[in-house]
There are 2 protein chains.
Amino acid sequence: MKVAVMGYGTVGSGVVEVIESHSDSIPKKTGGEALEVKHILDLRDFPGDSHEALFTKDFNDILNDDEVKVVAETMGGVNPAFDFTMKLLKAGKSVVTSNKELVANKGLELLNTAEENGVNYLFEASVGGGIPIIRPLTQCLAANHIEGIAGILNGTTNFILTMMIEKGMSFDEALKIAQDKGYAEKDPTADIEGHDACRKVCILASLAFGKHVYPSQVETQGISDITLEDVSYINCAGGVIKLLGQIKYINEDSIAAFVSPAVVYNGSQLASVKDVFNAVLVRGDAVGDVCFYGPGAGKLPTASAVVADMIDCAKHTNRRKIFGWGAGDEDYVVDYKSTIKMPFYVRAKSDCAKINSIFSDVRYLTRTGQPSDEVAFITDIMTENELKEKIKDLNVINTIKVTNY
Amino acid sequence: MKVAVMGYGTVGSGVVEVIESHSDSIPKKTGGEALEVKHILDLRDFPGDSHEALFTKDFNDILNDDEVKVVAETMGGVNPAFDFTMKLLKAGKSVVTSNKELVANKGLELLNTAEENGVNYLFEASVGGGIPIIRPLTQCLAANHIEGIAGILNGTTNFILTMMIEKGMSFDEALKIAQDKGYAEKDPTADIEGHDACRKVCILASLAFGKHVYPSQVETQGISDITLEDVSYINCAGGVIKLLGQIKYINEDSIAAFVSPAVVYNGSQLASVKDVFNAVLVRGDAVGDVCFYGPGAGKLPTASAVVADMIDCAKHTNRRKIFGWGAGDEDYVVDYKSTIKMPFYVRAKSDCAKINSIFSDVRYLTRTGQPSDEVAFITDIMTENELKEKIKDLNVINTIKVTNY
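Basis of the calculations
Residues numbered from 1 in each chain as written. Chains lettered and ligands numbered in written order. Predicted model: local features only at pLDDT ≥ 70, side-chain atom pairs only at ≥ 80, totals over all residues. Heavy atoms only, no water. Helix = DSSP H or I, 4+ residues; strand = E, 2+ residues; numbered from the N terminus. Rg over C-alpha atoms; globule rule 2.2 N^0.38 Å. Buried < 20%, exposed > 50% of the residue type's maximum accessible area, 1.4 Å probe, protein only. Areas by Shrake-Rupley, 256 points an atom, 1.4 Å probe, with all protein chains shown as cover. Lys, Arg positive; Asp, Glu negative; His and termini not counted. Charge placed at Lys NZ, Arg CZ, Asp CG, Glu CD. Contact = heavy atoms within 4.5 Å. Buried area = accessible area lost by both parts, 1.4 Å probe. Salt bridge = Lys/Arg side-chain N within 4 Å of Asp/Glu carboxyl O. Nonpolar A, V, L, I, M, F, W, Y, C, P; charged D, E, K, R; others polar. Axes fitted to C-alpha atoms, helices over the stretch in contact; angles between N-to-C directions. Parallel < 35°, antiparallel > 145°, perpendicular 65-115°, else oblique. Left-handed = near helix turned anticlockwise from the far one by under 90°. Least-squares fit on C-alpha atoms with pLDDT ≥ 70 in both. Phe/Tyr/Trp six-rings, centres within 6.5 Å; stacked < 30°, edge-to-face > 60°. Pairing = 2+ DSSP bridges. Arc of directions from axis to C-beta.

Visitor: Could you give me a rundown of the overall build of chain A, with the residues and numbers involved?
Guide: Across its full length, chain A holds 15 helices and 16 strands. Scaling as 2.2 N^0.38, a compact globule of 405 residues should have a C-alpha radius of gyration of about 22 Å, and chain A matches this with 23 Å. Principal-axis analysis of the C-alpha atoms gives chain A an extent of 75 × 45 × 35 Å. Within chain A, buried positions represent 59% of all 405 residues. Only carbon and sulfur atoms are counted for the fraction: they give 47% of the accessible area of chain A, which is about 15000 Å². A gap of 3 Å separates the mean positions of the 40 positive and 55 negative side-chain charges of chain A.

Structure, rendered in structure tokens:
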């Protein structure tokens, strides 16, 4: 089967590499069909690349080639990936992607277009890189009512937090190392402010509960406010700080979904996820907690998930995989701040007498070098709005959600 | 769609419960079809059970009912489950199962019979209970060459080892508590001697590498020789003892597969798997290490995996899922003792001078209360046969493999 790759960056070049290095085994997985890359679309030149003969700068070379049945879109971004993908699906070609931004923003239209045209739009690589999560969530856990999902969905921020927790580095030092190692971009905003994790939360929520959730509906807070003092207090509490995407089922017509730093207690499978690794924990009513762990990014891990989707397309020519969701609506994702109760970590310039007059039941934390006018504690469960009301007259330095995963 | 359940024990009654408690959501997953339990086969009586009208003691009531398209086999054991399953597949019914003993021993015949008759034989619940592992391994990781698999595949032994490690209980005390909690059977042999884990290793190895591996080919050692002294030394080494099933790819015509206690260093995702939880770590050439974690047993977790397979059958009526493997052979699983190199933990009545004269490079371990005539250490990598040769004149108390997962 002839295939094409759009975007020859890290993931796209990995896709070509994985297809070539697994040419012996892929036909065994598809039931006979080999995958052969016929076109590679990229506006850049790659002089000396061994695939020089395959490069094109003209999308129409792929669109109009009837031999090409499956296309990997590894361009990233919404434009022109959306336009290209729509045209390919309408032309009867299946498309597989690692492009979380596109799936999170335009997944509904793309899935509907795929269905109308009897082809597949698959996106295993868009959440968790190489970690199998889309199929396990939709197929293996199909007999569960999903109660919630919590995920460490961004490797860069998890690396930074790991360096802060284990090496005592400051946020800025850890970010610099992440950039030096190539884990973080020069402009690290999308990672450290949680936008990347937010897109993955949208995809997981849409899949798990059947209605499209858009990035604008998911309140997102990054890790740039986390300090070593917070890390130290939370170590005293028996936990670690992770950037978590959390999704909670409320009822048929509403869910909560948010991205933020969160205290995860040691003993949770999420607490032991270190460095650039990702993990997704799914809580089902029958199965309880299951957790999927692995490399959330990287050239070959992500590429291997893209190629697995291509293999699935090749195996199921002329029949569609049922993955997808329906339309969402504005009120579908509720304001978690007024609905979801949880404990909070609070650090403030204050004293115990004052805190005890506000909160009925807190657990105080300590750290080496703690100033006498600083307190840190874990509250009882309450909504974030209730917390805000309670602390409105306090000189608060930081607050962090405490998760129950 | 009418379905039947054979065996109304823990898992079977859970299957009926999950189907009933998810009657609203299942049709959304199948694409419209509800699942309706028409027959429950069990030789026992269940007076007062709300499903009394569905019980039968006659297998032919299921076999000869043309309305029944999918049957859950949750009887356990090879006989009569094998005979019943063969007849059902030949009659054009799909069968799903949690019966690892049957899949490990007769999977090849059953999968071939399913293929010949255009029906499905699915067994997600047979490895790792509720943890999705069969589909992730065969579909999501399809673009990987699997290099190895290591799994904590038995909850009972993991619970016992956790109690020994965290509470300082002896093996016998921990076993007693496992029995009191219902985790271990009165006759706990199948769990503690590793036979249950061995069956799961067979299924994983068969799926990952495409040739049937039988329990008799997998050398299996249980945990009954593990003492608190070993636990203590290995804590000093920065690790924990787990009962691991390990599978290693050697070449197209050979693999290694064995079940044994193993030292897992802290930092491995397998080290943090506690109590009755299970985990399977898969190492792929492209993806690296991915790990699947969750409840490896239990009524509703296992039942939810069985029902997910039934949903898959209902979704894919008249088309087959491609899961399976070919025939194995006697030489396919090699003698790991002469082929696989690894470090070993050794405890002996000896002294450092003697040990240093035998081993060129060891790492000594200590424990509280260590007698002056006892040494414990981690060796350099070598085969188990090489180790045996080296220690043949030593007064060895215990040796344990050290894993690289």
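Additional details are given in the paragraphs that follow.
Visitor: Describe the interface of chain A and chain B, listing the residues and the values that go with them.
Guide: Counting residues at the interface gives 43 residues for chain A and 43 residues for chain B. Summed over both sides, the interface of chain A with chain B buries roughly 3700 Å², with 56% coming from carbon and sulfur. For chain A, the biggest contributors to the area lost against chain B are A:Cys140, A:Gln269 and A:Tyr293; these three give 17% of the whole. Ionic pairing is found between B:Lys28 and A:Glu252, a salt bridge with its closest N-O pair at 3.7 Å. Mapped onto the side of chain A that touches chain B, the elements with two or more residues apiece are helix H2 (26-30), helix H6 (134-140), strand E12 (288-295) and helix H12 (299-315) of chain A. Class assignment for the residues of the side of chain A that touches chain B results in 23 nonpolar, 9 polar and 11 charged.

Visitor: So what about the packing of helix H4 (residues 81-90) of chain B against helix H5 (residues 100-116) of chain B? Which residues, and what values?
Guide: For any two helices packed against each other, one specifies the crossing angle of their axes together with the interaxial distance. Residues and elements named next belong to chain B. Look at H4 against H5: their axes get within 10 Å of each other, and the N-to-C directions meet at 15°. Judged on the interaxial angle alone, H5 and H4 are roughly parallel. Two packed elements cross with a definite hand, and for H4 against H5 that hand is right-handed. Note on element contacts: H5 touches H4 through Leu 102, Lys 106, Glu 109, Leu 110, Thr 113 and Ala 114, opposite Ala 81, Phe 82, Thr 85, Met 86, Leu 89 and Lys 90. Here the contact of H4 with H5 is composed, by residue class, of 7 nonpolar, 2 polar and 3 charged.

Visitor: A description of the relation of the copies chain A and chain B should follow, citing residues and the corresponding values.
Guide: Superposition of chain A onto chain B requires a rotation of 180° combined with a translation of 0.0 Å along the rotation axis, giving an RMSD of 0.0 Å. Classification of the inter-copy transformation places it as that of a two-fold axis. The rotation axis passes nearest to the C-alpha of A:Phe292 in chain A, at a distance of 2.4 Å. When the interface residues of chain A are mapped onto chain B, 100% of them again fall at the interface, so both copies present the same face.

Visitor: Give me the lowdown on unusual backbone geometry, citing residues and values where you can.
Guide: Residue and element names in this part refer to chain A. The amide bond that connects Asn 79 to the next residue, Pro 80, takes the cis arrangement and shows omega of 5°. Mapped onto the elements, Pro 80 comes out in the loop between strand E4 (68-73) and helix H4 (81-90). Phi at Asp 275 is positive, roughly 55°, even though this residue is not glycine. Checked against the element boundaries, Asp 275 lands in the loop between strand E10 (254-265) and strand E11 (277-284). According to the relative accessible area criterion, Asp 275 is partly exposed, its value standing at 32%.

Visitor: Kindly report on the packing of aromatic side chains, identifying the contributing residues and their values.
Guide: For the coordinates displayed, the defined rule picks out 27 aromatic pairs over all chains. Between A:Phe46 and A:Phe55, the ring centres sit 5.2 Å apart and the planes meet at 20°, which makes this aromatic pair stacked. Look at B:Tyr233 and B:Tyr345: their rings are 6.4 Å apart centre to centre, the planes differ by 50°, and that puts the pair in the tilted class. Residue B:Tyr233 is located in helix H11 (residues 228-236), and its partner B:Tyr345 is located in strand E13 (residues 344-349); the two are separated by 112 residues in the primary sequence. Here the two residues B:Tyr233 and B:Tyr345 agree in accessibility, since each one is buried. In this structure an aromatic cluster arises from ring pairing among A:Tyr8, A:Phe46 and A:Phe55.

Visitor: Break down the pairing of strand E13 (residues 344-349) of chain A for me, citing the residues and quoting the values.
Guide: Residues and elements named next belong to chain A. For E13, the buried fraction is high: 5 of the 6 residues fall into the buried class. In the sheet, E13 pairs with strand E15 (residues 374-378) via 5 bridges, with the strands oriented antiparallel. Across the sheet, Ala 348 pairs through a bridge with Val 375, a residue of E15.

Visitor: Please give an account of the sheet that holds strand E3 (residues 55-56) of chain B that cites residues and values.
Guide: All names here are of chain B. The 6 strands are arranged E3-E2-E1-E4-E5-E6 in an open sheet whose pairing can be described as parallel. The open sheet has two edge strands with one neighbour each: E3 and strand E6 (121-122). Note: strand E1 (residues 2-6) against strand E4 (residues 68-73), 5 bridges, orientation parallel. Paired with Val 3 across the two strands is Val 70, which belongs to E4. Against the sheet, helix H1 (residues 10-21) touches E1, strand E2 (36-41) and E4, its axis set at about 155° to E1.

Visitor: Explain the environment of B:Pro136 residue by residue, including any values.
Guide: Examined against the element boundaries, B:Pro136 turns out to sit in helix H6 (residues 134-140). Considering only alpha carbons, one finds B:Pro136 and B:Phe292, 156 residues apart in sequence, at a separation of 9.1 Å. Setting aside its immediate chain neighbours within four residues, B:Pro136 contacts A:Pro132, A:Pro136, A:Cys140, B:Leu141 and B:Phe292.

Visitor: A description of the pairing of strand E10 (residues 254-265) of chain B should follow, citing residues and the corresponding values.
Guide: Residue and element names in this part refer to chain B. Judged by how many residues are buried, E10 sits mostly within the fold: 11 of 12 residues are covered. Where strand E8 (residues 219-220) and E10 come together, 2 bridges link them in parallel fashion. The partner of Thr 220 across the bridge, within E10, is Val 259. Inspection of the sheet shows strand E9 (residues 239-251) paired to E10 by 12 bridges, in the antiparallel sense. The residue bridging Tyr 249 from the neighbouring strand is Ile 255, located in E10. Connecting E9 to the next strand, E10, in antiparallel fashion are 2 residues. Relative to strand E16 (residues 395-402), E10 is paired through 2 bridges, and the arrangement is parallel. Paired with Ala 262 across the two strands is Lys 401, which belongs to E16.

Visitor: Any chance you could break down the environment of A:Phe323 for me, citing the residues and the numbers?
Guide: All names here are of chain A. Positionally, Phe 323 belongs in the loop between H12 and helix H13 (336-339). On the accessibility criterion, Phe 323 (7% relative accessible area) is buried. Setting aside anything within four residues of it in sequence, one finds Phe 323 in contact with Leu 111, Leu 122, Ile 134, Arg 135, Thr 138 and Gln 139.

Visitor: Break down the side chain of B:Arg367 for me, with residues and values.
Guide: All names here are of chain B. If you trace the backbone, Arg 367 turns up in the loop between strand E14 (363-365) and strand E15 (374-378). Note on Arg 367: relative accessible area 17%, which makes it buried. When residues no more than four places from it in sequence are discounted, the contact partners of Arg 367 are Glu 229, Ser 232, Tyr 233, Arg 347 and Glu 374.

Visitor: An account of helix H11 (residues 228-236) of chain A is needed here, citing residue identities and associated values.
Guide: Along an α-helix, residues three or four positions apart point the same way, because every turn accommodates 3.6 residues. All names here are of chain A. Inspection of H11 places Asp 230, Val 231, Tyr 233 and Ile 234 among the buried residues, and these make up the whole buried set. In a view along the axis of H11, the buried residues occupy a sector of 165°, so they form one face of it. Looking one or two residues beyond H11, the residue adopting positive phi is Gly 238, at roughly 85°.

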